[in-house]
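# Results of the structural survey
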Amino acid sequence: MESILELKNISYAYHNLEGETKALSDISFSIAPGEFAAIVGPSGCGKSTLLSIIAGLLRPEQGEITIRGMPLSDSRTNIGYMLQHDHLFEWRTIYRNVLLGLEIRHELSAATKAKADELLELYGLKRFSNAKPSELSGGMRQRASLIRTLIQDPELLLLDEPFSALDYQTRLNVGDDIGQIIRQTGKTALLVTHDLSEAVSLADRVFILTQRPATIAQTVPIIFDLEEDTPMKRRNAPEFKTYFNLIWKELNQDETHI
């Protein structure tokens, strides 16, 4: 099967008056259509930098990124980017926040407005359509942010610690909720997180990065034998602890070599 995303030997460094700081070194991996992958690594190792490069916000110093076999710069594949904070505008209702991306791209139509109504209904926010963001809980705001991303029909979702601003209980519930939404829509997703439990509960594969300059230390396939494979049910499955400990050991092994 053709990969939707492929990275080949990606390297990147930050430059300032004091010199060069290498962030990423020779990163290579691919993601298949419909796959949910996660990236974990030590704090400051360049996880978010890598996501910014994939999104086209930064240009790698070496290497190549292809989307469905085409160079990133030439690809017309729609990429959705969901950040740590929901970035909903308080002066707009939830409905108008959801439509913002379509407005910017001049894609508002009767059909896209109907799609917005459908998604708000499907994900439990229809009755809050006319509410302001401050009237919603953190989890509901993040769900609105996901709808705003999904309504633009991205083929690839980039998730940069999208639950980190939430309290622990809300984070568990929203992670389970949004994880299932992404699965049900068949979207390809790449999650950056510092939470190993989150990575194991959501992903099909986990890429473990080393200390900066980051390389891929190990790739861990995540397979659960569950009749209903959801993030919350994974957390209660016997395999969960095995995967968590494997990834934890790899990260700590990296720490001991500093």
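Heads up: these notes are all about the structure in this document. (Residues numbered from 1 in each chain as written. Predicted model: local features only at pLDDT ≥ 70, side-chain atom pairs only at ≥ 80, totals over all residues. Heavy atoms only, no water.)

### Thoughts on the overall build of the protein chain
- In terms of helices and strands, the protein chain carries 9 helices and 10 strands.
- Compactness check: the protein chain gives a C-alpha radius of gyration of 19 Å against a globular reference of 18 Å for 258 residues, within 12% of the reference.
- The principal-axis extent of the C-alpha atoms belonging to the protein chain is close to 55 × 45 × 40 Å.
- The buried share of the protein chain, taken over its 258 residues, is 49%.
- Of the roughly 12800 Å² that the protein chain leaves accessible, carbon and sulfur atoms contribute 48%.
- Taking the 27 positively charged and 35 negatively charged side chains of the protein chain as two groups, their mean positions are separated by 4 Å. (Helix = DSSP H or I, 4+ residues; strand = E, 2+ residues; numbered from the N terminus. Rg over C-alpha atoms; globule rule 2.2 N^0.38 Å. Buried < 20%, exposed > 50% of the residue type's maximum accessible area, 1.4 Å probe, protein only. Areas by Shrake-Rupley, 256 points an atom, 1.4 Å probe, with all protein chains shown as cover. Lys, Arg positive; Asp, Glu negative; His and termini not counted. Charge placed at Lys NZ, Arg CZ, Asp CG, Glu CD.)

### Thoughts on the pattern of salt bridges
- The final tally for this structure, using the stated rule, is 12 salt bridges.
- Of the charged contacts in the structure, one is a salt bridge between E35 and R205, with a shortest N-O distance of 2.6 Å. Here the residue E35 occupies a position in the loop between β2 (19-31) and β3 (36-40), and R205 occupies one in strand β9 (residues 205-209), the gap between them amounting to 170 residues.
- For E35, a relative accessible area of 11% gives the class buried.
- When the shortest N-O distance is used, the salt bridge between R143 and D177 registers 2.8 Å. On the criterion of sequence distance, the pair formed by R143 in helix α5 (residues 138-150) and D177 in helix α6 (residues 168-185) is long-range, its members being 34 residues apart.
- Connected through shared salt-bridge partners, R171, D195 and E198 make up one network. (Salt bridge = Lys/Arg side-chain N within 4 Å of Asp/Glu carboxyl O.)

### Thoughts on unusual backbone geometry
- Looking along the chain, the bond that leaves R212 and enters P213 is cis, with omega of -5°.
- Its place among the elements puts P213 in the loop between β9 and β10 (216-221).
- Even without a glycine there, the phi angle at R68 is positive, about 50°.
- By secondary structure assignment, the location of R68 is in the loop between β4 (62-67) and β5 (70-71).
- The phi dihedral of H106 is positive, around 55°, even though this residue is not glycine.

### Here's the deal with the sheet that holds β2
- An order of β2-β1-β4-β5 is seen for the 4 strands of this open sheet, with the pairing classed as antiparallel. Each end of this open sheet is capped by a strand with a single partner; those strands are β2 and β5.
- Both strand β1 (residues 5-16) and β2 contribute to a ladder of 9 bridges, which runs antiparallel. When the sheet's bridge partners are listed, N16 is paired in β2 with G19.
- Relative to the sheet, helix α1 (residues 47-54) contacts β1, β2 and β4, its axis offset from that of β1 by approximately 115°. (Pairing = 2+ DSSP bridges. Contact = heavy atoms within 4.5 Å. Axes fitted to C-alpha atoms, helices over the stretch in contact; angles between N-to-C directions.)

### Thoughts on the pairing of strand β8 (residues 188-192)
- The element β8 is extensively covered by neighbouring structure, given that 5 of its 5 residues are classed as buried.
- Here β8 shows two buried faces, one formed by T188, L190 and V192 and the other by A189 and L191.
- Where β3 and β8 come together, 4 bridges link them in parallel fashion. Counted as the bridge partner of A37 is L190 from β8.
- Bridge count between strand β7 (residues 156-160) and β8: 5 bridges; the pairing is parallel. Bridge pairing in β8 places D160 opposite V192.

### A short note on α1
- Within α1, 7 of the 8 residues are buried, which leaves it mostly tucked inside the rest of the structure.
- By the burial criterion, the buried members of α1 are K47, T49, L50, L51, S52, I53 and I54.

### What about the environment of L5?
- Among the structural elements, L5 can be located in strand β1.
- Spatially, the C-alpha atom of L5 lies 9.9 Å from that of L190, the residues being 185 residues apart in sequence.
- Ignoring sequence-local partners within four residues, the contact set of L5 consists of F29, S30, I31, I54, I65, T66, I67, L156 and L190.

### Quick notes on the pairing of β1
- Where β1 folds back on β2, the antiparallel hairpin that results is connected by 2 residues.
- Bridge count between β1 and β4: 5 bridges; the pairing is antiparallel. Each bridged residue has a counterpart across the sheet, and for K8 the counterpart in β4 is E64.

### Observations regarding the packing of α5 against α6
- Two elements in contact, α5 and α6, have axes whose closest approach is 10 Å; the angle formed by their N-to-C orientations is 20°. Of the possible angle classes, the one that applies to α5 and α6 is roughly parallel. The interaxial crossing formed by α5 with α6 has right-handed handedness. For the pair formed by α5 and α6, the contact residues are G139, Q142, R143, L146 and L150 on the first element and T170, V174, D177, I178 and I181 on the second. (Parallel < 35°, antiparallel > 145°, perpendicular 65-115°, else oblique. Left-handed = near helix turned anticlockwise from the far one by under 90°.)

Honestly, that's just the spatial picture; any functional story needs more than this.
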